[in-house]
Amino acid sequence: MVPLLEFAGTQANSLESQLSDGHFCKKRLKRGSAERAFIGKLYATGFLPEVWVPDQRTMALRRQVAHRTQLVRQRVRLKNLIQSILHAHLIPPCPHLNLVGISGRRWIAAQIVPADERAAIERHLAQIDLIQGSLKEVEADIAREAMSDPIIRRLMTLPGVDMTVASGVAAAVGDIRRFADPTRLVSYLGLNPSVRQTGEGSAYHGRITKQGRGQARGMLVEAAWAVARSPGPLRAFFQRVASRRGKHIAAVATARKLAMIIWHMLTKSTDYIWTRPALLARKFRSIELRAGLPTSHAKRGSAYD
């Protein structure tokens, strides 16, 4: 939408246009001169809402996070292919935690499979090695960005939020000032419950809408499961909801709670008050190691005192 408005001679501040809502035009706009002029007139008269445009740094971080997600999905797909080959020959599951780790590969080499299947497994393992190298480079770039980004470091004070989750949420949210209240951020992430209502009748609340940034929403849900294992107020909230509604609903409710806390933290420029210093120092040290900083053994960390 931005190139169309700039071509029409207007200054655009929107990238995610809300014309698709149907408030201004029911027809689909094409890339013709008449349509560009029509959009320009809407913006000039104030009928075109302005939405935040990500800067180059935010767009680069979004691309890096998306690239990392694609690499992880490719690695998972190859692992599933290896497991399907083993399962087809009635081989029990791998007793080791990581199927493609050192112990897991030794276990795979000890299994009896046909020669063609063995060659297929070797090809999949070679592809996984290539993906691991690319994934390490991408994570190093994200880590170097996280070391200099105060927003990512602030988000990491939350329990269950590591460098990956903090970078994904920071890239999706961008400028927190574009959200007037925490419910706007929750709606942007698709964590708000759907509402069905006809006229002045009763309102029925259903599942979450799953609209907006699906990648950041998934990361917050993963963080919510980690929060359930970390002591603190958020774990108590998870357990309280899980006792009434079940663990899956409790995970989504905790993710929504995390989104609201994130809005207050970024708006007020404050860290999470219930953070654990030792765990936070470990997170920051993990970023430094991923970024390529040298290791320092036998030295007391910042959380020792």
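These notes cover the structure that comes with them. (Residues numbered from 1 in each chain as written. Predicted model: local features only at pLDDT ≥ 70, side-chain atom pairs only at ≥ 80, totals over all residues. Heavy atoms only, no water.)

Describing the side chain of R217
For clarity, the threshold we go by: Put simply, DSSP H or I for four residues or longer makes a helix, DSSP E for two residues or longer makes a strand, and each gets a number counted from the N terminus. Partly exposed residues are those whose accessible area sits between 20% and 50% of the maximum for their type, while under 20% is buried and over 50% is exposed, using a 1.4 Å probe and protein chains only. In this count, Lys and Arg are taken as positive residues and Asp and Glu as negative ones, while His and the chain termini are left out. By convention in these notes, a salt bridge is any Lys or Arg side-chain nitrogen within 4 Å of a carboxyl oxygen on Asp or Glu. Under this definition, polar contacts are N or O atom pairs within 3.5 Å; protein pairs additionally need one hydrogen-donor-capable and one acceptor-capable atom, and for neighbouring residues in sequence, both atoms have to be side-chain atoms. For this analysis, residues touch if any pair of their heavy atoms sits within 4.5 Å.
In this fold, R217 is placed in helix α9 (residues 214–227). E222 is the oppositely charged side chain nearest to the buried, salt-bridge-free R217, at an N-O distance of 11 Å. Polar side-chain contacts of R217 include one of 2.9 Å to the backbone oxygen of L189. When residues no more than four places from it in sequence are discounted, the contact partners of R217 are L189, G190, L191, I208, K210 and Q211.

Description of the packing of aromatic side chains
Aromatic ring pairs: the centre-centre distance and the angle between the two ring planes describe each pair. This is how the line gets drawn: Each aromatic pair joins two rings of Phe, Tyr and Trp (for Trp, the six-membered one) with centres within 6.5 Å, and gets the label stacked for planes under 30 degrees apart, edge-to-face for over 60, and tilted for any other angle.
Here the structure, examined in full by the defined rule, presents two aromatic pairs. Taking the centre distance of 5.2 Å and the plane angle of 55 degrees together, the rings of F179 and Y188 count as tilted. For F179, a relative accessible area of 8% puts it in the buried group. With a centroid separation of 5.9 Å and 65 degrees between ring planes, the pair formed by W225 and F238 is classed as edge-to-face. Here the residue W225 occupies a position in helix α9, and F238 occupies one in helix α10 (residues 233–245), the gap between them amounting to 13 residues.

What to know about the packing of α9 against helix α11 (residues 247–268)
Rules: The axes are straight lines fitted to the C-alpha atoms, using for helices just the contacting stretch, and the angles between their N-to-C directions are given from 0 to 180°. Angles are sorted into four bins: roughly parallel if under 35 degrees, roughly antiparallel if over 145, roughly perpendicular if 65 to 115, and oblique for all others. Asp, Glu, Lys and Arg are counted as charged, while Ala, Val, Leu, Ile, Met, Phe, Trp, Tyr, Cys and Pro are counted as nonpolar; the rest, among them Gly, fall into the polar class.
Taken N-terminus to C-terminus, the directions of α9 and α11 make an angle of 105 degrees; their axes are 8 Å apart at the nearest point. Here α9 is positioned roughly perpendicular relative to α11, judged by the angle of their axes. For the pair formed by α9 and α11, the contact residues are L220, V221, A223, A224, W225 and V227 on the first element and K247, H248, A251, T254, A255, L258, A259 and I262 on the second. Tallied by class, residues from the contact of α9 with α11 come to 11 nonpolar, two polar and one charged.

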